[in-house]
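# Inside the fold
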Amino acid sequence: MSRVYNFSAGPAVLPEEVLKEAADEMMDYRGCGMSVMEMSHRSKVYDTIIKEAEQDLRDLMKIPDNYKVLFLQGGASQQFAAIPMNLMKNRKAGYIVTGQWAKKAYQEAKIYGEAVELASSADQTFSYIPDCSDLDIPDDLDYVYICENNTIYGTKYKTLPNTKGKTLVADVSSCFLSEPVDVEKYGVIYGGVQKNIGPAGVVIVIIREDLITDDVLPGTPTMLKYKIHADNDSLYNTPPCYGIYICGKVFKWLKKMGGLEVMKQRNIEKAQILYDFLDQSSLFKGTVRKEDRSLMNVPFVTGNDELDAKFVKEAKEAGFENLKGHRTVGGMRASIYNAMPKEGVEKLVAFMKKFEEENA
Ligand SMILES: *Cc1c(COP(=O)(O)O)cnc(C)c1O
């Protein structure tokens, strides 16, 4: 067996410990003679798996009791519709457009009501986070929507927008559990787990209870009603059972590592190694305004497309996978999620140094 350093933006690297444990339990989950993949989602054994997963997530994020945790399907992209369908009581919401995912959510919301672009960083290819301390927030907005960490462009909000009392909704797909968060500042926090938590197929929605109502837009499918899933503890229909089980293992791994404060320190340390190198490199350059840099997704370029391609190719040969930037932006991107060991980043930087010397 040989494992590479996987810098994929998602689906992405998972802790080896978790993969090994899942492998050990594959044929016979703790004496029940079957795999978690094969068991009823209504069984006692599975009930314990999903309840423990929820409790561990609650512990990690210190989720207050008046928030529900929902394990859903359809990816983050399905939430682009579910959010307006459930929350647009006045049919009007504000969107801060800081990248492709925020833009897609904004465009989807327009199907259901008036989506107001409150701010955007499109003018500089989404390389920064706009100042959101004093936005013009219309009084009748149902919520303000952000994408907190922009996976493709590598920016992250260091302070949350001043929503002037409006409910904040955040897509945290690519920064989920990367650092502590103050859940109470949000009405909804959600994300696909395949970036920083688990296998594709699970989306976690953390939502304040007063936002869960029967008063949804006409035509909202049953499966997109938060209330249905909340009332049924995410077991209205068959949930993505195996994915939730792996997420649960990752939550336990995070607890064992010391929790989100420790993860944040580790993530800062890891990202610093890469950013420090980029800042002094004569060949590679980061593409994001320094104060808005993501700890999770680090885009960089040489400024020469051919050299970029050569780098990606040679890096792959050396065991560093998935460093190609998003197809819409080119260049390179190293995603260094929780499960990427520090050693992986150090070795990548050593490889970049060597490449720089060889191509000076
Ligand atoms: C990947 C990603 C998405 C899309 O997730 P899907 O699960 O593929 O729908 C949405 N938002 C962000 C921030 C992402 O990184």
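Residues numbered from 1 in each chain as written. Predicted model: local features only at pLDDT ≥ 70, side-chain atom pairs only at ≥ 80, totals over all residues. Heavy atoms only, no water.

## Section: the overall build of the protein
When its secondary structure is counted, the protein shows nine helices and 14 strands. Expected size for 360 residues packed as a compact globule is a radius of gyration near 21 Å; at 21 Å, the protein falls within 12% of this value. With respect to the three principal axes, the spread of C-alpha positions in the protein is 65 × 60 × 30 Å. Out of the 360 residues in the protein, the part that is buried amounts to 57%. A sequence separation of at least 24 residues applies to 68% of the contacts in the protein between residues at least 6 apart. Just so you have it, the protein exposes about 15800 Å², and 48% of that area is on carbon and sulfur atoms. (Helix = DSSP H or I, 4+ residues; strand = E, 2+ residues; numbered from the N terminus. Rg over C-alpha atoms; globule rule 2.2 N^0.38 Å. Buried < 20%, exposed > 50% of the residue type's maximum accessible area, 1.4 Å probe, protein only. Contact = heavy atoms within 4.5 Å. Areas by Shrake-Rupley, 256 points an atom, 1.4 Å probe, with all protein chains shown as cover.)

## Digging into the packing of helix α3 (residues 75-87) against helix α4 (residues 100-109)
Where α3 contacts α4, the two axes come as close as 9 Å, and the packing angle between them is 40°. Accordingly, the angle class assigned to the pair α3 and α4 is oblique. The handedness of the crossing between α3 and α4 comes out as right-handed. Residues S77, F80, A81 and P84 of α3 pack against W101, K104, A105, E108 and A109 of α4. Broken down by class, the residue content of the contact of α3 with α4 amounts to six nonpolar, one polar and two charged. (Axes fitted to C-alpha atoms, helices over the stretch in contact; angles between N-to-C directions. Parallel < 35°, antiparallel > 145°, perpendicular 65-115°, else oblique. Left-handed = near helix turned anticlockwise from the far one by under 90°. Nonpolar A, V, L, I, M, F, W, Y, C, P; charged D, E, K, R; others polar.)

## Examining the site of the ligand
In the vicinity of the ligand, the contacting residues are G75, A76, S77, F80, W101, C147, N149, T151, D171, S173, Q194 and K195. Within the contact set of the ligand, an oxygen atom lies 2.6 Å away from a side-chain nitrogen or oxygen of S77. Within the side chain of Q194, one N or O atom sits 2.8 Å away from an oxygen atom of the ligand. Expressed as a share of its isolated accessible area of 380 Å², the protein-covered part of the ligand is 86%. In terms of residues, the shell around the ligand owes the most to one element, α3, which gives four residues. Tallied by class, residues from the shell around the ligand come to four nonpolar, six polar and two charged. (Near = heavy atom within 4 Å. Polar contact = N/O pair within 3.5 Å; in protein donor to acceptor, adjacent residues only side chain to side chain.)

## Observations regarding the sheet that holds strand β12 (residues 297-301)
Pairing within the open sheet is antiparallel, and its three strands lie in the order β11-β12-β14. Because the sheet does not close on itself, it has two edges, and the strands there are β11 (285-286) and β14 (332-335). Strands in contact with helix α7 (residues 260-280) are β11, β12 and β14; relative to β12, the strand with the most contacts, it is inclined by about 20°. (Pairing = 2+ DSSP bridges.)

## Looking at the domain arrangement of the protein
Think of interface size as the accessible area that goes away when the parts come together; that is how it is often given. On domain assignment, one finds that the protein holds domain 1 (16-257) and domain 2 (258-359). In this structure, domain 1 and domain 2 have C-alpha centres spaced 27 Å apart. Domain 1 puts 28 residues into the contact, and the matching count from domain 2 is 28 residues. For the pair domain 1 and domain 2, the two sides together bury roughly 2300 Å², of which 54% comes from carbon and sulfur. Between domain 1 and domain 2 we count 17 residue pairs in polar contact (both at pLDDT 80 or more) in total. Within the residue set of the side of domain 1 that touches domain 2, elements represented by two or more residues are α2 (44-61), β7 (155-156) and α6 (241-257). In terms of residue count, α6 provides more of the side of domain 1 that touches domain 2 than any other element does, five residues in total. Taken together, the residues that form the side of domain 1 that touches domain 2 break down as 13 nonpolar, nine polar and six charged. (Domains from an automatic or database assignment. Buried area = accessible area lost by both parts, 1.4 Å probe.)

## Considerations on the pattern of salt bridges
Side chains bearing opposite charge may pair, as long as their charged atoms lie close to each other. For the structure on display, the rule yields 26 salt bridges. Put simply, R30 and E25 hold a salt bridge, and the shortest N to O gap is 3.0 Å. Taking the relative accessible area as the measure of exposure, R30 reaches 57% and is therefore exposed. For E291, the salt bridge identified is with R289, shortest N-O distance 3.6 Å. Taking the relative accessible area as the measure of exposure, R289 reaches 37% and is therefore partly exposed. The network of salt bridges with shared partners includes E52, D56, D59, K252 and K255. (Salt bridge = Lys/Arg side-chain N within 4 Å of Asp/Glu carboxyl O.)

## Observations regarding the environment of Y128
Inspection of the secondary structure puts Y128 in the loop between β4 (114-120) and β5 (144-147). With near-sequence residues (within four places) excluded, Y128 lies in contact with S120, S121, D123, T155, R289 and D292. Within the structure, Y128 has its side chain in polar contact with the side chain of D123 (distance 2.8 Å).

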